[in-house]
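Secondary and tertiary structure notes
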Amino acid sequence: MSESTTGPNRVLWLSTIGFTLMFAVWLMFGILGKPIQQEFGLTEVELSWIVAAAALNGSLWRLPTGMITDRIGGRKVMTFLLAATAVPAFLVSRADSYAMLLVLAFFVGFGGNSFSAGIAWNSAWQPRERQGFALGLFGAGNVGASVTKFIGPPLIAGTAGASYFGFIDGGWRLVPVVYAVLLLVMAALIWFGTPSQDRAPGTGQPLRQQVRPLRSMRVWRFSLYYVAVFGAYVALAAWLPTYYMDNFAVSLQTAALLTATYIFPASLLRPYGGHLSDRFGARRVMYWTFGAMLVVTGILMMPNGHIVISHPDGTQSEHLAYSIGLVPFAVLVFLLGCAMGVGKAAVFKHIPEYFPDNVGAVGGLVGMLGGLGGFFLPPLFAYTKAWSGFPSSTFFVLFVLTLVCAVWMHWTVVHMLHTESPELAHRLESLSDDRLPAPGLASVPTA
């Protein structure tokens, strides 16, 4: 088969596998966190900062990573990210202090920037009629967050106390070593398995032209939406194992499997979310997403307890007792994952069509700000719990974030309809809003 036929497929599949692996490494502290907390005697707030440090570095460089990919091609960038992440991943196994763990967690998070590199790389290789599916499939690499949930607990339990080759310890310390080896193998596969003549649509493009789309308000609005559907996903994927163990008294392995029931729909439904956005429009899908998230988080944020009423005669009575069991909780979290999976695709669906020559910059900014949500939210979960005393305050934070996004989106739609002709009152998509490119850019076909 010709290079033009096999090239896009090789880029798509190898970049997706590489992204899945780096995503697994990026969020491995969600499972390693509990054993690390026990070994080092960390508080919940201290543990939250380890998770946050990885999320921070996995977000900071998404904008420049996307722009560089547009300029030099994704083959070089993805290979570098894989190889560079392998070094701190191995060193995590040698950590002997909380400070060292914080620093290494930060550097391990570098792999999270592979998202914007892969989006730009696949956009350059995939034909327009296939971009929605291809970007959705690549984004489904988020399922890597569940990889450690499956291999981590049995590997930790089966190798605890053992030693290998005289310098590799078993238990939780073996997991980052395994990942370091896999990262190097994947770097070699991408370098030798994808076309050496790469595509880089931004080659020779002035920096000013690359960043021009970032002046568009819709880019920043989409970035906030992405905080709710992706940043919250990253934070919750790392936070849920500890939440399950602390509040439902389950084992690490059970907590990992329950967390996977949230991660799988939040990742694997992304291609389907792209299909729904193609059919019904991205904004309509975002209404469905935010509506579902508000209902689910509104239920989950209710603390277990009851109201005690003191009567004039000195007696007391209890009313409106409320508690949520493990199964209903897991079902609701599963539904939350479904909404987030669909919403992530809806946010990213139109970027290659709005900005065909600036996918790296725009996708990088949206991904960067969305990923930063994964940095701010875990400490916010811990601090709100410490302040309120309610573990369910985690979902109160997500409820407020989703509400802000939904209100801003609805205000935008209402404002749009009031400034256009009345016959558009039944529509949620506007040709003069998100369908037009940023000022100074050539118009592009709409989906």
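Described in the following lines is the structure provided in the data block. None of these values were measured; they are calculated from a predicted model. (Residues numbered from 1 in each chain as written. Predicted model: local features only at pLDDT ≥ 70, side-chain atom pairs only at ≥ 80, totals over all residues. Heavy atoms only, no water.)

Counting its secondary structure elements, the protein chain contains 19 helices and 4 strands. Classification of the 447 residues of the protein chain by burial places 58% in the buried group. For the protein chain, restricting intrachain contacts to residue pairs at least 6 apart in sequence, the fraction spanning at least 24 positions comes to 82%. For the protein chain, the computed accessible surface area is about 18000 Å², with 69% contributed by carbon and sulfur atoms. (Helix = DSSP H or I, 4+ residues; strand = E, 2+ residues; numbered from the N terminus. Buried < 20%, exposed > 50% of the residue type's maximum accessible area, 1.4 Å probe, protein only. Contact = heavy atoms within 4.5 Å. Areas by Shrake-Rupley, 256 points an atom, 1.4 Å probe, with all protein chains shown as cover.)

Core analysis: the biggest nonpolar cluster contains 125 residues, and F29, Y233 and F290 have the highest contact counts within it. In terms of residue count, helix α12 (residues 217–248) provides more of this core than any other element does, 20 residues in total. Both domains that meet at this core, namely domain 1 (1–197) and domain 2 (213–308 + 321–421), each give it at least three residues. If sequence neighbours within four positions are ignored, F290 has contacts with Y225, A228, V229, T402, C405, A406 and M409. (Core = buried A, V, L, I, M, F, W, Y, C linked by side-chain atoms within 4.5 Å. Domains from an automatic or database assignment.)

Moving on, we come to the packing of aromatic side chains. According to the stated counting rule, one finds 28 aromatic pairs in the structure shown. Both rings, one in F23 and one in W26, keep their centres 5.2 Å apart while their planes meet at 85°; by these two values the pair is edge-to-face. Placement of both F23 and W26 in helix α1 (residues 3–26) is noted, with a separation of 3 residues, approximately one turn of the helix. Its relative accessible area of 1% is what places F23 among the buried residues. Between F23 and Y233, the ring centres sit 6.2 Å apart and the planes meet at 25°, which makes this aromatic pair stacked. Taken together, the residues span a long stretch of sequence, with F23 in helix α1 and Y233 in helix α12 at a distance of 210 residues. As far as burial versus exposure is concerned, F23 and Y233 are alike and both buried. (Phe/Tyr/Trp six-rings, centres within 6.5 Å; stacked < 30°, edge-to-face > 60°.)

What follows is about the packing of helix α4 (residues 62–72) against helix α5 (residues 74–92). Where α4 meets α5, the closest approach of the two axes is 7 Å, and the angle between their N-to-C directions is 135°. Taken together, the axes of α4 and α5 lie oblique to each other. Mapping the contact onto sequence places T65, I68, T69 and I72 in α4 and G74, K76, V77 and L81 in α5. Classifying every residue of the contact of α4 with α5 gives 4 nonpolar, 3 polar and 1 charged. (Axes fitted to C-alpha atoms, helices over the stretch in contact; angles between N-to-C directions. Parallel < 35°, antiparallel > 145°, perpendicular 65-115°, else oblique. Nonpolar A, V, L, I, M, F, W, Y, C, P; charged D, E, K, R; others polar.)

A few words now on helix α2 (residues 29–40). End to end, α2 covers just 14 Å across 12 residues, shorter than the expected 16 Å (1.5 Å per residue, more than 12% under). Of all 12 residues in α2, 9 are buried; the element is thus mostly enclosed. Looking at α2, one finds that the buried residues are F29, G30, I31, L32, G33, K34, P35, I36 and Q37. A positive backbone phi angle near 65° is found at G41, which sits one or two residues after α2. (Expected span 1.5 Å × (residues − 1).)

Attention now moves to the pattern of salt bridges. Tallied over the full model, the rule gives 3 salt bridges. K34 is the salt-bridge partner of D246, the closest N and O atoms lying 3.1 Å from each other. In this pair, D246 is assigned in helix α12 and K34 in helix α2, connecting sequence segments 212 residues apart. With a shortest N-O distance of 3.3 Å, E44 and K385 are connected by a salt bridge. (Salt bridge = Lys/Arg side-chain N within 4 Å of Asp/Glu carboxyl O.)

Bringing the side chain of T259 into the picture now. Its location among the elements puts T259 in helix α13 (residues 252–268). Exposure remark for T259: the relative accessible area of 0% places this residue in the buried category. Aside from chain neighbours lying at most four places away, what touches T259 is K149, A237, L240, P241 and Y244.

The next point concerns the pairing of strand β3 (residues 305–310). Residues in a regular strand project their side chains so that they alternate between the two faces of the sheet. With 5 bridges connecting them, β3 and strand β4 (residues 316–322) associate as antiparallel partners. Among the inter-strand pairings, S310 is bridged to a residue of β4, identified as Q316. The loop that links β3 with its antiparallel partner β4 comprises 5 residues; one of these, G314, has a positive phi angle of about 95°. (Pairing = 2+ DSSP bridges.)

What follows is about a nonpolar patch on the surface. Residues F150, I151, L257, F264 and L268 make up a contiguous nonpolar surface patch of about 400 Å² in total accessible area. Mapped by element, the contributors of at least two residues to the nonpolar patch are α9 (147–159) and α13. Of all the elements, α13 adds the most residues to the nonpolar patch, at 3 residues. Residue placement: F264 occurs in helix α13. Residue F264 is classed as partly exposed on the basis of its relative accessible area of 30%. (Patch = residues over 30% accessible without salt bridge, like charges linked within 9 Å, V, L, I, M, F, W, Y side chains within 5 Å.)

A separate point is helix α7 (residues 114–125). For α7, with 12 residues, the first-to-last C-alpha span of 16 Å sits near the 16 Å given by 1.5 Å per residue. In terms of burial, α7 is a largely internal element, 12 of the 12 residues being buried. Among the residues of α7, S114, F115, S116, A117, G118, I119, A120, W121, N122, S123, A124 and W125 are the ones counted as buried.

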